[in-house]
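Analysis of the macromolecular model
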Amino acid sequence: MLKSMRKNGLILAMFALGCTALVVLTNELTNDKIAHQQQLEKLQTLEALLPAGSYDNDLVASCKLVTSRKYLGSDQPQALYTASKNGEVTGYALEAIAPDGYSGAIRIVAGFDTKGTVSAVRVLAHNETPGLGDKIELKKSNWINSFTGKSLTADNESEWAVKKDGGEFDAFTGATITPRAVVKAVKNLLKLQHEHPELLSNAPACPAAQ
């Protein structure tokens, strides 16, 4: 009986070792492909945020990390991508968090030029109610395009709110909290550029870009 137990234990050990080796091998073979696909997806998102022809640099490689809870809604560093052409900065794509969504934090990314004019905004992740709050997604509605072409100035700051709060942005029927949170997040992101441009120019590089 002892012999049989040892034999079965050895078989199980060899089986576990084989499975582990297979997992490691599969991971090694797919790591590069996964990383490449992630880079492609990130590049596609950035290309949708910044006007074609407005830059000639590698946007992904330009990644920096900006930290500001006041303006970006989180204590965690947020990714900044700087567009440039012929060595001159032409625009930015900056991620931010809207911490006060109806169902939790909403991750966004906004593209804007050096004067603070928004070229596009996209939602990266959220947990908002399907059929209501999820209209912040481009595939659900065109609402997110209402930021395109807008800028923040001392004269129009009060307009950066949903209509229910006296601003110019539409809200969703039965879901005012979600668009209110996104409008506030984009507004704060632009305020960062106006009030603390050094946070963009002096930000450290992302680990992968170093």
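A short tour of the structure in this document, coming up. Only a predicted model underlies this, so the values are computations on that prediction, with no experimental measurement involved. Position labels on residues start from 1 in each chain and follow its written sequence. Predicted model: local features are reported for residues with pLDDT of at least 70 only, side-chain atom pairs are reported and counted for 80 or more only, and whole-chain, interface and lining totals are derived from all residues. Side-chain metrics in this entry use all non-hydrogen atoms of the structure; hydrogen atoms and water are not considered.

Moving on, we come to the overall build of the chain. We count a stretch as a helix when DSSP gives it H or I for four or more residues in a row; a strand needs E for two or more, and each element gets its number in order from the N terminus. The helix and strand tally for the chain stands at 4 helices and 5 strands. With a 1.4 Å probe rolled over the protein chains alone, any residue whose accessible area is under 20% of its type maximum counts as buried; one over 50% counts as exposed, and the rest are partly exposed. The burial tally for the chain puts 37% of its 210 residues in the buried class. Taking all contacts inside the chain whose residues are at least 6 apart in sequence as the whole, residues at least 24 apart take part in 49%. In this analysis, two residues are considered to be in contact whenever any of their non-hydrogen atoms come within 4.5 Å of each other.

Now for the packing of aromatic side chains. Two aromatic rings from Phe, Tyr or Trp, using only the six-membered ring of Trp, form a pair when their centres are within 6.5 Å; if the ring planes differ by under 30 degrees the pair is stacked, by over 60 it is edge-to-face, and anything between is tilted. Under the counting rule described, the total for this entry stands at 6 aromatic pairs. A ring pair is formed by Trp 143 and Phe 172, whose centres lie 5.3 Å apart and whose planes are at 75 degrees; its orientation type is edge-to-face. Placement of Trp 143 in the loop between β5 (118-125) and α3 (177-195) and of Phe 172 in the loop between β5 and α3 is noted, with a sequence separation of 29 residues between them. Note on Trp 143: relative accessible area 9%, which makes it buried. Judged by its relative accessible area of 8%, Phe 172 falls in the buried class.

What follows is about the state of the cysteines. Here a disulfide denotes one covalent bond, and it connects the sulfur atoms of two cysteines. A pair of cysteine sulfur atoms is labelled a disulfide when the two atoms are within 2.5 Å. All told, the structure shown has 1 disulfide when counted by the stated rule. The disulfide that involves Cys 63 links it to Cys 206, with 1.9 Å between the sulfurs. On the sign convention where negative is left-handed, the bridge of Cys 63 and Cys 206, at about -50 degrees about the S-S bond, is left-handed. Pair noted here: Cys 63 is in the loop between α1 (2-49) and β1 (64-68) and Cys 206 is in the segment after α4 (198-201), with a separation of 143 residues, a long-range link. One exposure class covers both Cys 63 and Cys 206, and it is buried.

Here the focus is unusual backbone geometry. The phi dihedral of Asn 86 falls on the positive side, at around 55 degrees, and the residue is not glycine. Along the chain, Asn 86 turns up in the loop between β2 (74-85) and β3 (88-101).

Here 5 strands make up an open sheet; going across it, the order is β1-β2-β3-β4-β5 and the pairing antiparallel. Of all strands in the sheet, those with a lone pairing partner are β1 and β5, marking the two edges. Strand-to-strand twist in this sheet, taken as the mean axis angle between neighbours without regard to direction, amounts to 30 degrees. For two strands to be treated as a pair, DSSP must find no fewer than two bridges joining them. Taken together, the 9 bridges between β3 and strand β4 (residues 104-113) define a ladder with antiparallel strand orientation. If you follow Ala 98 over to β4, its bridge partner there is Ile 106. Note on definitions: angles span 0 to 180 degrees between N-to-C directions of axes, and those axes are lines fitted to C-alpha atoms, for helices only across the stretch in contact.

This next bit is on the pairing of β3. Bridge count for β2 against β3 is 6 bridges, and the pairing is antiparallel. Residue Tyr 81 lies in a different strand from β3, and its bridge partner there is Ala 93. Counted between consecutive antiparallel strands, the loop separating β2 from β3 contains 2 residues, among which Asn 86 sits at a positive phi close to 55 degrees. Counting the residues in the hairpin turn of β3 and β4 gives 2 residues.

Function cannot be read off these values alone, since they describe shape.
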